[in-house]
Amino acid sequence: MSILVLADLHEGQLAGATAHVVAAAQAIGGDIDVLVAGEGVQAAAEAAAKLDGVSKVRVADNAAYAHQLAEPMGALLVELAGDYTHVLASASTTGKNVLPRLAALKDVSQLSDVIGVESADTFLRPIYAGNAIATVKSDDALKVITIRTTGFDAVGTSGSATTEAVDFVADNAQSSFVKQELAQSDRPELGGAKVVISGGRGMGNGENFKLLDGIADKLGAAIGASRAAVDAGFVPNDMQVGQTGKIVAPELYIAVGISGAIQHLAGMKDSKVIVAINKDEEAPIFQVADYGLVGDLFEILPELESKL
Amino acid sequence: MKILVAVKRVIDYNVKIRVKADHSDVDLTNVKMAMNPFCEIAVEEAVRLKEKGVATEVVAVTVGPKAAQEQLRTALALGADRAIHIETDERVESLAVAKLLAKVVDEEQPGLVILGKQAIDTDNNQTGQMLAALTNLPQGTFASEVAVDGDKVNVTREIDGGLQTVALTLPAIVTTDLRLNEPRYAKLPDIMKAKKKPLDVKTSADYGVEVASKVTLLKVESPAERKGGIKVASVDELIDKLKNEAKVL
């Protein structure tokens with residue numbers, strides 16, 4: 001077996017997700033190469049070379065791959081895929097954007113959001129918002145797979161893979177980058193944080209989300225939100241935890257003013273410890289919470305912050 | 001410009017699903033079905049583009065069983081002009097759907113194809129991207145804003161950590177995210193009118209597409225149930241439990 005892992009980049013640097021995808025590749029077994037594609041990605045390539053279990057890092061450093069647009073990235077993967085039995089990427093918005101193009105052009109199916117590896121051709125993946133887990137077997141010659149990073153613990157960084165430049169440059173007259181607005185935050189990224197504190201509709205408005213800031217500071221937590229809070233305009237959509245937002249599995253998840261719709265639970269129920277704070281003691285969130293505290297969040301949050 | 005919009009019949013998003021006792025699949029007997037929520041957003045966007053005068057015709061298409069015509073009628077009631085039903089009772093994976101849609105794109109020559117980013121049953125998030133690859137057209141996935149500008153379309157995409165805007169040449173493929181629009185409800189007179197709008201029924205054989213997949217569903221299981229824990233009476237007790245029992249602080 002030979003596996004190609006498409007590296008995730010965040011502002012040009014290697015994103016934490018990649019170490020989880022390499023772990024999934026190790027569970028499949030075989031030679032593991034990592035593809036780092038973008039513009040000005042030498043530092044990311046060096047970081048990828050340190051991931052445990054990686055044999056070779058293939059570096060496509062070219063303006064054609066800036067911002068990892070789907071069309072040139074798909075063409076690049078098609079060019080390289082012939083050397084591999086499996087191509088993996090994280091189920092990030094980049095992996096989801098790019099990998100189905102490779103699958104279609106190679107005339108194979110894609111397995112999305114894989115959370116477990118049974119063998120080199122049999123995988124576990126959640127369906128119906130995680131309310132069922134499917135075991136699927138692929139007889140395609142090339143397995144194209146996106147990995148849900150919460151399903152695999154990250155590999156270490158004591159490796160020393162070789163690096164090799166990829167000369168192929170994809171033509172792309174169809175799409176061009178216009179602009180990007182990334183939320184600036186000193187907090188850990190939602191997907192990788194050890195502690196996540198999320199607010200829901202019960203927060204009342206966007207201003208009240210500041211009540212979560214002090215607690216997040218003390219716990220080194222990322223701040224998330226339910227879809228209801230996002231739809232109500234309290235906070236931007238990139239904070240959404242749930243079926244169609246971020247999937248998180250931190251050590252500690254604190255749900256504040258969140259009732260616990262199945263779509264939200266789909267995004268956080270694999271957290272190690274769940275705390276729910278809600279004034280409605282019948283709220284479904286309490287059915288999955290290890291510790292529930294019924295009460296007014298506007299009294300509880302300041303008290304919690306002062307006592308932590 | 002013509003817009004092609006693809007829709008899928010799925011379990012209603014409010015229904016709590018059950019796994020069949022023999023673990024062969026999810027049990028869909030007598031379960032309420034509906035149009036996939038992301039597809040509703042796709043139909044809404046297409047209809048709005050027609051109302052703005054950007055589009056001249058909206059064609060809805062679905063791949064699925066006979067009952068999926070309900071969802072096409074819904075699309076027609078929401079403002080689509082005509083519909084194409086590619087009828088099949090088989091489990092059709094994203095790749096086969098994309099191949100069928102590629103044939104429809106070839107036939108209809110739309111300026112824009114709008115699809116939901118994912119269906120809430122299989123949660124695949126693949127069909128639009130596969131369609132773009134098969135038709136060799138550019139893609140704007142997870143769209144929160146679509147702005148047609150001459151022979152281009154600017155698509156603002158919801159990406160991890162923020163928003164990205166890309167410019168695509170037309171024709172192009174767009175997949176919808178939640179914040180693109182708020183779909184309208186169909187009004188009764190429109191539902192009546194929709195019954196008279198044209199709906200063509202085809203089969204996958206008509207398009208010469210083989211729908212069989214090399215992926216086998218071996219079994220479906222319920223996820224490990226998470227047991228509810230305890231209620232604590234105060235913030236002090238909560239902190240104590242997190243420190244000394246759960247040991248996460």
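Residues numbered from 1 in each chain as written. Chains lettered and ligands numbered in written order. Predicted model: local features only at pLDDT ≥ 70, side-chain atom pairs only at ≥ 80, totals over all residues. Heavy atoms only, no water.

Remarks on the overall build of chain A
Here is step 1 of the chain: Looking only at helices and strands, one finds eight helices and 18 strands in chain A.
Here is step 2 of the chain: Relative to its length of 308 residues, chain A is compact, with a C-alpha radius of gyration of 20 Å against a globular reference of 19 Å.
Here is step 3 of the chain: Projecting the C-alpha coordinates of chain A onto the three principal axes gives extents of approximately 60 × 40 × 40 Å.
Here is step 4 of the chain: Considering chain A as a whole, with its 308 residues, one finds that 58% of them fall into the buried category.
Here is step 5 of the chain: Across chain A, the fraction of contacts at a sequence separation of at least 24, relative to all contacts at a separation of at least 6, is 64%. (Helix = DSSP H or I, 4+ residues; strand = E, 2+ residues; numbered from the N terminus. Rg over C-alpha atoms; globule rule 2.2 N^0.38 Å. Buried < 20%, exposed > 50% of the residue type's maximum accessible area, 1.4 Å probe, protein only. Contact = heavy atoms within 4.5 Å.)

So, the UniProt feature "domain: Electron transfer flavoprotein alpha/beta-subunit N-terminal" (unreviewed entry) in chain A
Here is step 1 of the chain: The residues that UniProt annotates with the feature "domain: Electron transfer flavoprotein alpha/beta-subunit N-terminal" (unreviewed entry) are residues 3–181 of chain A.
Here is step 2 of the chain: Between the C-alpha atoms that bound residues 3–181 of chain A the distance is 33 Å, and the span itself is 25% helix and 36% strand. (UniProt positions renumbered as here; feature names shortened; annotations may be inferred.)

Topic: the pairing of strand E15 (residues 222–225) of chain A
Residues and elements named next belong to chain A.
Here is step 1 of the chain: Both faces of E15 are covered, namely the face carrying Ala222 and Gly224 and the face carrying Ile223 and Ala225.
Here is step 2 of the chain: Pairing analysis gives four bridges linking strand E14 (residues 195–199) to E15, with the strands arranged parallel. Paired with Gly199 across the bridge in E15 is Ala225.
Here is step 3 of the chain: Once you follow E14 into helix H5 (residues 210–219) and on to E15, the crossover reads as right-handed. (Pairing = 2+ DSSP bridges. Right-handed = clockwise from strand over helix to strand, strands pointing away.)

Some thoughts on the side chain of B:Thr176
Residue and element names in this part refer to chain B.
Here is step 1 of the chain: With respect to the helices and strands, the residue Thr176 is situated in strand E10 (residues 172–176).
Here is step 2 of the chain: One polar contact links the side chain of Thr176 to the main-chain carbonyl oxygen of Phe38, over a distance of 2.9 Å.
Here is step 3 of the chain: Not counting residues up to four positions away in its chain, the partners in contact with Thr176 are Phe38, Ile41, Ala42, Ile114, Leu115, Gly116, Lys117, Phe142 and Ala143. (Polar contact = N/O pair within 3.5 Å; in protein donor to acceptor, adjacent residues only side chain to side chain.)

Observations concerning the sheet that holds strand E11 (residues 199–203) of chain B
Here is step 1 of the chain: An order of E13(A)-E9(B)-E8(B)-E7(B)-E10(B)-E6(B)-E1(B)-E4(B)-E5(B)-E11(B) is seen for the ten strands of this open sheet, with the pairing classed as mixed. Looking along the sheet, the strands with just one partner apiece sit at the ends: strand E13 (175–182) of chain A together with E11 of chain B. Taken pair by pair, the neighbouring strands of this sheet meet at an average axis angle of 25 degrees, ignoring direction.
Here is step 2 of the chain: Pairing of strand E1 (residues 2–7) of chain B with strand E4 (residues 57–64) of chain B involves six bridges; the strand directions are parallel. Counted as the bridge partner of B:Ile3 is B:Val58 from E4(B).
Here is step 3 of the chain: Strands in contact with helix H1 (residues 37–51) of chain B are E1, E4, strand E6 (112–116), strand E7 (139–149) and E10 of chain B; relative to E6(B), the strand with the most contacts, it is inclined by about 150 degrees. (Axes fitted to C-alpha atoms, helices over the stretch in contact; angles between N-to-C directions.)

Concerning the interface of chain A and chain B
Here is step 1 of the chain: Each partner contributes to the interface: chain A provides 84 residues, whereas chain B provides 78 residues.
Here is step 2 of the chain: Between chain A and chain B, the buried area comes to about 6,700 Å², and carbon and sulfur atoms account for 54% of it.
Here is step 3 of the chain: Sorting the residues of chain A by area buried against chain B places A:Tyr128, A:Gln174 and A:Tyr291 first, and these three jointly supply 12% of that buried surface.
Here is step 4 of the chain: Taken together, the seven bridges between E13(A) and strand E9 (residues 162–169) of chain B define a ladder with antiparallel strand orientation. Of the residues in E9(B), the one forming a bridge with A:Phe177 is B:Val166. (Buried area = accessible area lost by both parts, 1.4 Å probe.)

As for helix H4 (residues 93–105) of chain A
Residue and element names in this part refer to chain A.
Here is step 1 of the chain: Among the 13 residues in H4, twelve count as buried, and that is most of the element.
Here is step 2 of the chain: Among all positions in H4, only Thr93, Thr94, Gly95, Lys96, Asn97, Val98, Leu99, Pro100, Arg101, Leu102, Ala103 and Ala104 are buried.
Here is step 3 of the chain: Trailing H4 by a residue or two, Asp107 shows a phi angle of about 60 degrees, which is positive.

Some thoughts on the nonpolar core
Here is step 1 of the chain: Grouped together as the largest cluster of nonpolar side chains are 52 residues, with contacts concentrated most on A:Leu35, A:Leu76, A:Leu77, A:Val87, B:Val61, B:Ile86 and B:Leu131.
Here is step 2 of the chain: With nine residues, helix H3 (residues 94–108) of chain B is the single largest residue contributor to this core.
Here is step 3 of the chain: Excluding its chain neighbours within four sequence positions, the residues that come into contact with B:Ile86 are B:Val61, B:Thr62, B:Val63, B:Gly64, B:Leu100, B:Val104, B:Lys202, B:Thr203, B:Ser204 and B:Tyr207.
Here is step 4 of the chain: Counting 45 residues, the second largest nonpolar core, distinct from the first, contains A:Ala24, A:Ile28, A:Val136 and A:Phe152. (Core = buried A, V, L, I, M, F, W, Y, C linked by side-chain atoms within 4.5 Å.)

What to know about the packing of H4(A) against helix H4 (residues 127–135) of chain B
Here is step 1 of the chain: Relative to each other, H4(A) and H4(B) sit at 50 degrees, their axes nearing to 8 Å. In terms of axis orientation, H4(A) runs oblique to H4(B). Relative to H4(B), the crossing made by H4(A) is right-handed. Contact residues: A:Lys96, A:Asn97, A:Pro100, A:Arg101, A:Ala103, A:Ala104 and A:Leu105 in H4(A); B:Gln129, B:Met130, B:Ala132, B:Ala133 and B:Leu134 in H4(B).
Here is step 2 of the chain: Classifying every residue of the contact of H4(A) with H4(B) gives eight nonpolar, two polar and two charged. (Parallel < 35°, antiparallel > 145°, perpendicular 65-115°, else oblique. Left-handed = near helix turned anticlockwise from the far one by under 90°. Nonpolar A, V, L, I, M, F, W, Y, C, P; charged D, E, K, R; others polar.)

With respect to the packing of H5(A) against helix H8 (residues 297–307) of chain A
All names here are of chain A.
Here is step 1 of the chain: Where H5 contacts H8, the axes come no closer than 9 Å and their chain directions differ by 25 degrees. Relative to H8, H5 is oriented roughly parallel. Classified by chirality, the crossing of H8 by H5 is left-handed. Taken together, the residues of H8 that come into contact with H5 (itself represented by Leu211, Leu212, Gly214, Ile215 and Lys218) are Phe298, Leu301, Leu304, Glu305 and Ser306.
Here is step 2 of the chain: The residue makeup of the contact of H5 with H8, split by class, is six nonpolar, two polar and two charged.

Here we look at the UniProt feature "domain: Electron transfer flavoprotein alpha/beta-subunit N-terminal" (unreviewed entry) in chain B
Here is step 1 of the chain: UniProt marks residues 23–211 of chain B with the feature "domain: Electron transfer flavoprotein alpha/beta-subunit N-terminal" (unreviewed entry), using the numbering shown here.
Here is step 2 of the chain: Taken end to end, residues 23–211 of chain B has its terminal C-alpha atoms 24 Å apart, with 30% of it in helix and 31% in strand.

Details of the sheet that holds strand E17 (residues 273–278) of chain A
Here is step 1 of the chain: An order of E15(A)-E14(A)-E16(A)-E17(A)-E18(A)-E13(B) is seen for the six strands of this open sheet, with the pairing classed as parallel. Edge positions in the sheet fall to E15 of chain A together with strand E13 (230–232) of chain B, since each of these pairs with one other strand and no more. Neighbour-to-neighbour, the strand axes of the sheet open up by a mean angle of 25 degrees, direction not taken into account.
Here is step 2 of the chain: Where H8(A) meets the sheet, it contacts strand E16 (252–256), E17 and strand E18 (291–294) of chain A, and its direction lies at approximately 130 degrees from that of E17(A).
Here is step 3 of the chain: Contacts from helix H6 (residues 235–244) of chain B reach E16, E17 and E18 of chain A together with E13 of chain B within the one sheet, and its direction differs from that of E18(A) by about 170 degrees.

Regarding unusual backbone geometry
Here is step 1 of the chain: The peptide bond linking B:Leu170 to B:Pro171 adopts the cis configuration, its omega dihedral lying at 0 degrees.
Here is step 2 of the chain: For B:Pro171, the location among the structural elements is in the loop between E9 and E10.
Here is step 3 of the chain: Phi is positive for A:His67, which is not a glycine, with a value near 65 degrees.
Here is step 4 of the chain: Summarising the element assignment, A:His67 is placed in the loop between strand E5 (56–61) and helix H3 (70–81).
Here is step 5 of the chain: A residue is classified by how much of its surface remains accessible, and A:His67, at 40% relative accessible area, is partly exposed.
Here is step 6 of the chain: Despite not being glycine, B:Asn136 has its phi angle at roughly 55 degrees, a positive value.
Here is step 7 of the chain: B:Asn136 gets classed as exposed once you look at its relative accessible area, which sits at 53%.

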